[in-house]
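Inside the fold
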Amino acid sequence: MRSNSPARQASLAHQSIRNAEFFAPQPTATADLPDPEPIVRNLAFGVLEVLAGVRESEQLARWMSEDAYRALLVRANLSTRARSARGIPVVRPVHTVLRIRHTAPADGVVESVVIVGGPARTRAIAIRLEGMDHRWRATSLALL
């Protein structure tokens, strides 16, 4: 039988903290990450397709943090309700990227704005990417 001495409990707590630090998402430097532009471009189109109802939001989950994904789900549900209330059918959006701007406020972080032109209006999509585990993940997303 094992003893539950304070020293043993402290040792187990210290080990679990070490494990959490080791297995938690690890920040990655910009030099160790691929070019962010293809991810920004694909995320922008993916978000527009999710909001239009022609793409499942789960397809974008691997490139997003939990908070950003949850915000996208809320926005997609509101779009679905609005389409349903008005009786508007689901139609694949046709957009053209007009401009992409990047800025790097810190190492391993890229903030981008994608200006997208559609048949009815021009929109801006702001995306913050952070390098985690040697790949980019969107931690913030805003459709303006």
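Report on the accompanying structure. (Residues numbered from 1 in each chain as written. Predicted model: local features only at pLDDT ≥ 70, side-chain atom pairs only at ≥ 80, totals over all residues. Heavy atoms only, no water.)

Thoughts on the sheet that holds strand β2 (residues 109–117)
One open sheet holds the four strands; their spatial order is β1-β2-β3-β4, and the pairing between them is antiparallel. Only two strands of the sheet have a single neighbouring strand rather than two, namely β1 (96–106) and β4 (135–143). Averaged over all neighbouring strand pairs, the angle between strand axes comes to 25 degrees, with direction disregarded. Sheet analysis places β1 next to β2, joined by eight bridges and oriented antiparallel. Note on β2: the bridge partner recorded for Val97 is Val116. Here helix α2 (residues 37–52) sits on the sheet in contact with β1, β2, β3 (122–132) and β4, set at roughly 125 degrees to β3. (Pairing = 2+ DSSP bridges. Helix = DSSP H or I, 4+ residues; strand = E, 2+ residues; numbered from the N terminus. Axes fitted to C-alpha atoms, helices over the stretch in contact; angles between N-to-C directions. Contact = heavy atoms within 4.5 Å.)

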